[in-house]
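Structural overview for review
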Amino acid sequence: MSTPRQPRETRAGLEPLAVLPVFVPLQDKRAVLAGSNGGAPWKVKLLAAAGARVDVYAEEPSDELRGVPAEIAAGSVTLHERRWTPEDLQGAAFAIGAMEDEDDCVAFVAAARAAGAIVNAVDRPHLCDVKFGAIVNRSPLVVGISTEGAAPVFGQTVRARIEAMLPRGFKHWVAAARDWREAVSARFHGFSERRGFWERFTDRAFAEPDRTPTEADLADLMGQAEALPLGGAVTLVGAGPGDAELLTLKALRALRNADVILYDDLVAPEILDYARREARTMLVGKTGHGPSCRQDDINALMVSLAKSGKQVVRLKSGDPLVFGRAGEEIEACEAAGIPCTIVPGVSAAQGAAASLGVSLTHRDAARRLQFVTGHDRRGALPEDLNWGALADKSVTTVVYMPKRTLRALLERAVAEGLAPETPALVVFNATRAKQATVAGTAADLADRIEASELEGPALLMVGEALRRHNARSAEQGMGIRAEAS
């Protein structure tokens, strides 16, 4: 018997960043721009839009630069038609060099740094303390995009896509959040209570983005937040079969609200990216026929964390209520007096069928759908399977965790009356990039699986509803097919 695994934390931190994205407040602060190259007018407009008092020094300003002071809607711009001097930089919080001459720009950057200013040099990244990226403006919601100079056109396209995704009305909601923050903090002293308020605020903003929020919204949201249960709790969440886009909105909310996430090996890593950054993530892996954390240890950890006041998400592949041991975890919470809620997920069977383009209950082929486990507590073929039901030609059978017992299960089913020519298939890594299918019949599928040498979580499907899919697969040779996820 293998040694049980122990739960372990897995949060490794951020992936490497090419640059650090930061936002610089410039409201009522002094900024300086020297020079008049092609990028100067836009940079002046940006500084003024951020509320800065901008002094521009240019010996021969272009007509476009001359026109900037009349175009600004915030801040102020003063144009000085002369060359800059080091004294001009005193008291500047931000400085931009926009001159053509390299030596002049180097001198300007040195003087600006000596004066304590943050420095940008137009078209000279080697002289910059900070660089400008593409901007999506829903102020006070501001999105900055950088490709670190590698692909400016790509960055602009990303900006355009985000522009299309973010309703302009969001600026009213973010402004309301700014105005309400003090009142919310005064009303809710606990971090989890405040987070509950802002979660519901965000949901309402996304539901009605083009409406300006009112004081009635504030009162209603505060009432909802006060009605939330206090203390620790457990939420069993279905992560779906692998594709992160199959997460439900309720699952996303649970991940955003979690203090600790206990997840299994089969949960796709990208799904954890939806958790809030401060959440602890702990692998409590249960690998079929391999080293696994004991269920009792998982239950004890889950209850212990909830008793300490944490919001715990138990994240399971597929749907937690379908062969996910949810029953044991629900009972552990009930015994400890811990509130436990369940967020269903797209099951492996649903995800696989959708990826294959197969209706598991096609009315010309199947009047019933049944889910079966491929092994018992000992890892062997269950002795109490209803073989008559498995042999029924009007049924589609989905077998979870079938790899170890697949040959024995199919041979027994045929012996019990399942027609040997019944279509059958196994889906590996359902809905993921490496999804692959091995198709055959009840009589030959086991041989095909062994010949394929495919690995990963697997799902067995048997029944006449699969005949059309298997016919297509046969046309491609050997019944092995990589599916588009």
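Residues numbered from 1 in each chain as written. Predicted model: local features only at pLDDT ≥ 70, side-chain atom pairs only at ≥ 80, totals over all residues. Heavy atoms only, no water.

1. A few points about the overall build of the protein
To keep things clear, this is the line we draw: In this description a helix means any DSSP run of H or I spanning at least four residues, a strand means any run of E spanning at least two, and both kinds are numbered starting from the N terminus. In this setup the radius of gyration rests on C-alpha atoms only. A globule is expected at 2.2 Å times the number of residues raised to 0.38. Accessible area is worked out with a 1.4 Å probe on protein chains only. A residue is then buried under 20% of its type maximum, exposed over 50%, and partly exposed in between. When checking whether two residues touch, look at their non-hydrogen atoms; a contact exists if any pair is within 4.5 Å. Areas reported here follow the Shrake-Rupley algorithm with a probe of radius 1.4 Å; residue values treat only the protein chains shown as occluding. His is not counted, nor are the chain ends, whereas Lys and Arg count as positive and Asp and Glu as negative. By convention, the charge on Lys lies at NZ, on Arg at CZ, on Asp at CG and on Glu at CD.
The helix and strand tally for the protein stands at 15 helices and 19 strands. The globule rule puts the C-alpha radius of gyration for 485 residues at 23 Å, and the 30 Å found for the protein is more than 25% above it. Counting only residues that meet the buried cut, the protein has 46% of its 485 residues in that class. Here the contacts in the protein between residues at least 6 apart in sequence split such that 66% fall between residues at least 24 apart. Summing over all exposed atoms, the protein offers an accessible surface of approximately 25200 Å²; the carbon and sulfur share of this is 53%. Looking at the protein, you have 57 positive and 63 negative side-chain charges, and the mean spots of the two groups are 4 Å apart.

2. As for the nonpolar core
Quick reminder of the rule: To qualify as a nonpolar core, a set must consist of buried Ala, Val, Leu, Ile, Met, Phe, Trp, Tyr and Cys residues joined through side-chain atoms within 4.5 Å.
Ranked by size, the top nonpolar core spans 23 residues in total, and within it Leu385, Trp387, Leu409, Leu410, Val426, Leu445 and Leu460 carry the most contacts. Among the secondary structure elements, those contributing two or more residues to this core are helix H12 (387-391), helix H13 (406-415), strand E16 (423-428), helix H14 (445-452) and strand E18 (458-462). Considering each element in turn, this core owes the most residues, 4 residues, to H13. Here Leu409 is in contact with Leu381, Leu385, Trp387, Val399 and Leu460, once residues within four sequence places are set aside.

3. Structural notes on the packing of aromatic side chains
Applicable threshold: Any two of the Phe, Tyr and Trp rings considered here, Trp counted by its six-membered ring, make a pair once their centres fall within 6.5 Å; the pair's planes then place it as stacked at under 30 degrees, edge-to-face at over 60, or tilted in between. Both a distance and an angle decide whether a charge sits over a ring: NZ of Lys or CZ of Arg must be within 6 Å of the ring centre and within 35 degrees of the ring normal.
As enumerated under the stated definition, the model contains 10 aromatic pairs in all. Arranged with centres 4.8 Å apart and planes meeting at 90 degrees, the rings of Phe197 and Trp198 form a pair that is edge-to-face. Accessibility classification places Phe197 together with Trp198 in one group, the buried group. A network of ring pairs unites the aromatic residues Trp173, Trp180, Phe188, Phe197, Trp198 and Phe201 as a single cluster. Its end group placed over the ring of Trp198, Arg181 keeps NZ or CZ at 4.6 Å from the ring centre.

4. With respect to the packing of helix H6 (residues 191-207) against helix H7 (residues 215-226)
A packed helix pair is summarised by two numbers, namely the angle formed by the two axes and the spacing between the axes. The condition is simple: To get an axis, fit a line to the C-alpha atoms, keeping to the stretch in contact for a helix; angles then go from 0 to 180 degrees between the N-to-C directions. Any angle from 65 to 115 degrees is called roughly perpendicular, while one under 35 is roughly parallel, one over 145 is roughly antiparallel, and all others are oblique. Handedness of a crossing follows from how the near helix is turned relative to the far one, being left-handed for an anticlockwise turn of less than a right angle and right-handed for a clockwise one. For this classification, Asp, Glu, Lys and Arg are treated as charged, while Ala, Val, Leu, Ile, Met, Phe, Trp, Tyr, Cys and Pro are nonpolar and the rest, including Gly, are polar.
Following both chains from N to C, one finds H6 and H7 inclined at 130 degrees, their axes separated by 9 Å at the closest point. With respect to their mutual orientation, H6 and H7 come out oblique. Relative to H7, H6 is oriented so that their crossing is right-handed. Of the residues in H7, those touching H6 at Glu193, Phe197, Arg200, Phe201 and Arg204 are Asp217, Leu218, Asp220, Leu221, Met222, Gln224 and Ala225. Tallied by class, the residues present in the contact of H6 with H7 amount to 6 nonpolar, 1 polar and 5 charged.

5. Some points on the sheet that holds strand E9 (residues 233-238)
This is how it is decided: Strands qualify as paired when DSSP identifies two bridges or more between them.
Read from one edge of the open sheet, 6 strands run E1-E11-E10-E12-E9-E13, paired in mixed fashion. The open sheet has two edge strands, strand E1 (8-9) and strand E13 (340-343), and neither has a second partner. Pairing between strand E10 (residues 260-263) and strand E12 (residues 311-316): 4 bridges, direction parallel. Following the sheet pairing, Val260 is matched in E12 by Val312. Contacts from helix H10 (residues 326-336) reach E9, E12 and E13 within the one sheet, and its direction differs from that of E9 by about 170 degrees.

6. Brief notes about unusual backbone geometry
Here the amide bond leading from Ser139 into Pro140 is cis, since omega sits at 15 degrees, within 30 degrees of zero. With respect to the helices and strands, the residue Pro140 is situated in the loop between strand E7 (134-138) and strand E8 (141-145). Located in the positive-phi region is Asp123, a residue other than glycine, with phi close to 65 degrees. For Asp123, a relative accessible area of 72% translates into the label exposed. Despite not being glycine, Glu453 has its phi angle at roughly 55 degrees, a positive value. Its place among the elements puts Glu453 in the loop between H14 and E18.

7. So, helix H9 (residues 295-307)
Heads up, the rule is: For a helix, the expected span equals 1.5 Å multiplied by the number of residues minus one.
A rise of 1.5 Å per residue sets the reference length of H9, with its 13 residues, at 18 Å; its end C-alpha atoms lie 18 Å apart and thus fit the reference within 8%. Gln295, Ile298, Asn299, Leu301, Met302, Val303, Leu305 and Ala306 are the residues of H9 that are buried. Looking at the buried positions of H9, the neighbouring elements they touch are E9, E10, strand E11 (280-283), E12 and H10. Looking one or two residues past H9, Gly309 carries a phi angle of roughly 100 degrees, positive in sign.

8. So, the state of the cysteines
Let me state the cut-off plainly: Disulfide assignment relies on a single distance test, namely cysteine sulfur atoms paired within 2.5 Å.
If you walk through the whole model with that rule in mind, you get 0 disulfides. Cys293 takes part in no disulfide bond, and the closest cysteine sulfur to it belongs to Cys333, at a distance of 17 Å. With relative accessibility at 1%, the residue Cys333 sits in the buried group.

Keep in mind these numbers describe shape, not what the thing actually does.
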